[in-house]
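# Structural features, examined
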Amino acid sequence: MTEMLRPMLELAVLIPGTLLAYLPMKQHLKIKMGALTAIWLSTLLMLCIVGGLFCYSFEIKTISFILPAFMLMTIAYCATLRTSILKSANIALAVCGVYACLASITRAIDSIVYPKNIEPWFGLTGGIVFNIFCWIFVMLAFYPASHAVCDLIDDENIAHTWYVFWILPTVFIAINIFIIPWNPNILHTGRIMQGYIVICCTMLGLLLLFYALFYIMAKSLNNNHKLTQENTILYMQQEQYNTLNKAIEETRHARHDMRHHLSILNSFVKRKDWADLENYLSKMSKSIPSSELKLCENNAIDGVAGHYYHRYKDLEIPCVFKLELPKELSVSEIDICLVLSNLLENALEASMRTAPDKRRINVLARMHSDNVVLIKVENFYNGVVKEKNGIFESSKHSGEGIGTQSVRRIAEKGGGYCRFTQKDGIFTADVMLRGKSK
């Protein structure tokens, strides 16, 4: 019975490994947590029992069973998540890489405790130590995995970094498999044991260091991207400020000239020169600056909206802005500005591909409650919109547009939502942003 238990103990590390892989994905589950836990726990227990019996019966290494089981489990793992397969597979590989290093360290400990063990699996103590190591690592990694790594998963600004992340975990897994001694007695030859322990511990340290550096690099890229976005918003605000100053100066001059205009108008009236009066009034009305100086009480949002409002006017795109937002908001101003700029930029691009007589953009933003902002942008389009499985794809490249990705991420991170629809030649974006309750 004890001999049969040993390979089962080795395979039992699949349980903490699966738990660790799911920690960063708590917001992306397709199945409810309770049902998912029941399914995975029963499946993993069966795998441990069946796999242990298989390895015991044929006296083979558990690695021969774990590798195909890991591939099948990774496929099932990715299928239960809403994130991309690339991200999900990278997380699975990251966990497997750490556990491969822990297995190598345990192998050295097992060889010290059971120097005459020539079985293809750990001794009973080694199997228990292996499980203890894995559970300890789960506890140590619990907070970073459920917070820091979770943030990286949700951040679309660093999506391209996941294309290269998988390389090092895969290399470390391959090295750990390669250094498995086919004959455990080799470890007791000369100083091989000391070297083996140093190599295993060094690989674990290097792998964890790589993960830490990846996190720091990803956060740095994200911060740089946020700074770029904030600089863009500041640039829009500066442009709006300059426009307001120009309009105010024009208004000041117009008021200064008003007495002169009134004198001329009075002379036309006295002479009953109605034709010249009408002509003069027409010219005078064109010289009066637009009174639409402020679109929103909130200065940051007004800067973004004003920037696009004047771009639309310059391009002769009819537009209506109705921004009923107060000066102080519980929802992040940066989030609102980013959502609004993405939607207005998309509306501008769609309008430029539409016949001039059919162009029109309507923008509405209002408070739904103290901590909920609703944004709606409508624009006419040329009738060609790429849509796949309810997701509107970019007209510039394959996959969902960067703008809509960004809007969706910002909305959902705070518990809000976004919805994109098309009907009768009108594309509509509805976004709800949640803030902190007052």
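If you're wondering where the values come from, they're calculated on a predicted model, not measured in any experiment.

### Structural notes on the side chain of Thr 62
- Along the chain, the position of Thr 62 falls in the loop between helix 3 (33–58) and helix 4 (63–79).
- The buried category is assigned to Thr 62, whose relative accessible area is 5%.

### Looking at the UniProt feature "transmembrane region" (unreviewed entry) in the chain
- The residues that UniProt annotates with the feature "transmembrane region" (unreviewed entry) are residues 7–25, 37–58, 65–85, 91–109, 121–143, 163–183 and 195–218.
- A distance of 30 Å separates the end C-alpha atoms of residues 7–25, which is 74% helix and 0% strand.
- Counted over residues 37–58, helix gives 100% and strand 0%. Its end C-alpha atoms are 31 Å apart.

### Side note on the nonpolar core
- Among the nonpolar cores identified, the biggest contains 53 residues, and Leu 20, Tyr 77, Val 98, Tyr 99 and Leu 102 are the most heavily contacted of them.
- Those elements that provide at least two residues to this core are helix 2 (14–22), helix 3, helix 4, helix 5 (85–113), helix 6 (124–154), helix 7 (162–165), helix 8 (167–178) and helix 9 (192–271).
- Per-element accounting of this core gives the leading share, 13 residues, to helix 5.
- In this structure Tyr 77 touches Ala 21, Tyr 22, Met 25, Trp 40, Ser 88, Ile 91 and Ala 92, once residues within four positions along its chain are discounted.

### Let's talk about the packing of helix 1 (residues 2–11) against helix 6
- Between helix 1 and helix 6, the shortest axis-to-axis distance is 9 Å and the interhelical angle comes to 25°. Classified by the angle between their axes, helix 1 and helix 6 sit roughly parallel to one another. Note that helix 1 runs across helix 6; the crossing there is left-handed. Of the residues in helix 6, those in contact with Thr 2, Leu 5, Arg 6, Leu 9 and Glu 10 of helix 1 are Leu 124, Gly 127, Ile 128, Phe 130 and Asn 131.

### Focus: the environment of Ser 64
- Position of Ser 64 among the secondary structure elements: in helix 4.
- In the structure, Ser 64 is positioned 13 residues away from Gly 51 in sequence and 9.8 Å away in space, judged by C-alpha atoms.

### Some remarks on the packing of aromatic side chains
- Scanning the entire structure with this criterion turns up 16 aromatic pairs.
- Considering the side-chain rings of Tyr 22 and Trp 40, the 6.0 Å spacing of their centres and the 65° angle between planes classify their relative orientation as edge-to-face. On the criterion of sequence distance, the pair formed by Tyr 22 in helix 2 and Trp 40 in helix 3 is long-range, its members being 18 residues apart. The burial state of Tyr 22 is the same as that of Trp 40; both residues are buried.

### Thoughts on a nonpolar patch on the surface
- Taken together, Leu 19, Ile 128, Ile 132, Trp 135, Ile 136, Met 139 and Leu 140 make up a surface patch of nonpolar side chains, about 680 Å² in accessible area.
- Broken down by element, the nonpolar patch gets its largest block of residues, six residues, from helix 6.
- One can find Met 139 in helix 6.
- By relative accessible area, Met 139 is classed as exposed at 60%.

### Considerations on the pairing of strand 2 (residues 361–369)
- Sheet topology note: the strand 1 (residues 319–324)/strand 2 ladder contains six bridges and is parallel. Within strand 2, the position partnered with Cys 319 by the bridge is Ile 361.
- Crossover strand 1 to strand 2 through helix 12 (residues 333–352) is left-handed.
- Bridge analysis of strand 2 against strand 3 (residues 372–380) gives eight bridges, and the strand direction is antiparallel.

What counts, and where the lines are drawn
- Residues numbered from 1 in each chain as written.
- Predicted model: local features only at pLDDT ≥ 70, side-chain atom pairs only at ≥ 80, totals over all residues.
- Heavy atoms only, no water.
- Helix = DSSP H or I, 4+ residues; strand = E, 2+ residues; numbered from the N terminus.
- Buried < 20%, exposed > 50% of the residue type's maximum accessible area, 1.4 Å probe, protein only.
- UniProt positions renumbered as here; feature names shortened; annotations may be inferred.
- Core = buried A, V, L, I, M, F, W, Y, C linked by side-chain atoms within 4.5 Å.
- Contact = heavy atoms within 4.5 Å.
- Axes fitted to C-alpha atoms, helices over the stretch in contact; angles between N-to-C directions.
- Parallel < 35°, antiparallel > 145°, perpendicular 65-115°, else oblique.
- Left-handed = near helix turned anticlockwise from the far one by under 90°.
- Phe/Tyr/Trp six-rings, centres within 6.5 Å; stacked < 30°, edge-to-face > 60°.
- Patch = residues over 30% accessible without salt bridge, like charges linked within 9 Å, V, L, I, M, F, W, Y side chains within 5 Å.
- Areas by Shrake-Rupley, 256 points an atom, 1.4 Å probe, with all protein chains shown as cover.
- Salt bridge = Lys/Arg side-chain N within 4 Å of Asp/Glu carboxyl O.
- Pairing = 2+ DSSP bridges.
- Right-handed = clockwise from strand over helix to strand, strands pointing away.

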